[in-house]
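One-letter residues, chain by chain:
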Amino acid sequence: MPEVAVDTRVCPYCAETIRAAAKKCRYCGSNLADSIGEEMVTAATVSKMASELAIMRLEKEIEELQEALDVVKGGGVLLTFASFSMLAGFVLLAGGSAVAGIALLVIGGVLLVPAGAIEKQARRKHRTLQEQLDERLAELEKHRAALEGRGQDTSGAGAK
Ligand SMILES: [Zn+2]
């Protein structure tokens with residue numbers, strides 16, 4: 001979307017950018033006094049819509065990032081299970097249950113390496129996701145601030 005100064009609007013007849021206060025288009029000569037209103041798309045309205053759209057998009061992205069973060073946070077569960085399985089294996093072995101103890105030790109041992117790798121990967125992903133989330137949140141804040149600032153400008157211009 002092209003950047004347009006706030007005090008301009010688009011002529012509904014020839015689509016040229018003209019001053020917001022103009023009663024007559026300087027390009028096509030159309031009388032604009034009657035059309036100031038609904039059909040007049042002011043530059044301020046266009047950029048307000050752009051901000052609102054950006055906010056909607058950012059809110060969706062933030063929601064998705066937070067969901068992804070929750071999934072990543074669950075990445076440590078397998079490592080915990082593998083460790084617990086090995087521990088239980090030792091306890092059973094010490095208690096005289098050789099077959100069950102060895103079985104749990106084997107399960108835990110087999111799981112431990114991939115579980116560690118998954119956990120490590122999850123931690124790295126967690127950091128990246130968190131960075132992205134922070135970026136989006138900052139961007140959202142900027143758009144909201146811009147929208148509020150513009151809202152004051154528009155009401156000020158409308159009161160004249
Ligand atoms: Zn015109």
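Residues numbered from 1 in each chain as written. Predicted model: local features only at pLDDT ≥ 70, side-chain atom pairs only at ≥ 80, totals over all residues.

## Remarks on the overall build of the protein
To keep things clear, this is the line we draw: To qualify as a helix, a DSSP run of H or I must reach at least 4 residues; to qualify as a strand, a run of E must reach at least 2; elements of each kind are numbered from the N terminus. To assign burial, the other C-beta atoms lying within 10 Å of each residue's own C-beta are counted, with C-beta atoms placed from the backbone; 20 or more indicates buried, 12 or fewer indicates exposed, and intermediate counts indicate partly exposed. C-beta atoms are placed from the backbone for every residue, and two residues are taken to be in contact when these atoms lie within 7 Å.
Scanning the protein from N- to C-terminus turns up three helices and two strands. Mapped in sequence order, the helices and strands of the protein form the string β-β-α-α-α. Residue burial in the protein is summarised as follows: out of 160 residues, 8% are buried. Sequence-distant contacts, at least 24 apart, represent 59% of the contacts inside the protein between residues at least 6 apart.

## Thoughts on the confidence of the model for the protein
Note that predicted coordinates carrying low pLDDT should not be read in detail. Stated formally: Scored from 0 to 100, pLDDT records how confident the predictor is in each individual residue.
Taken residue by residue, the protein gives an average pLDDT of 80. The fraction at 70 or more is 83%. Mean pLDDT per element in the protein: helix α3 (residues 98–159) is the minimum at 79, and strand β2 (residues 17–19) is the maximum at 89. Note on residues 154–160: pLDDT is under 50 here. Beyond four places in sequence and across chains, it has one contact.

## Here we look at the environment of A82
Here A82 lies in helix α2 (residues 77–94). Between the alpha carbons of A82 and L112 there is a distance of 5.4 Å; along the sequence they are 30 residues apart. Ignoring any residue separated from it by four or fewer positions in sequence, one finds A82 in contact with G108, L111, L112 and A115.

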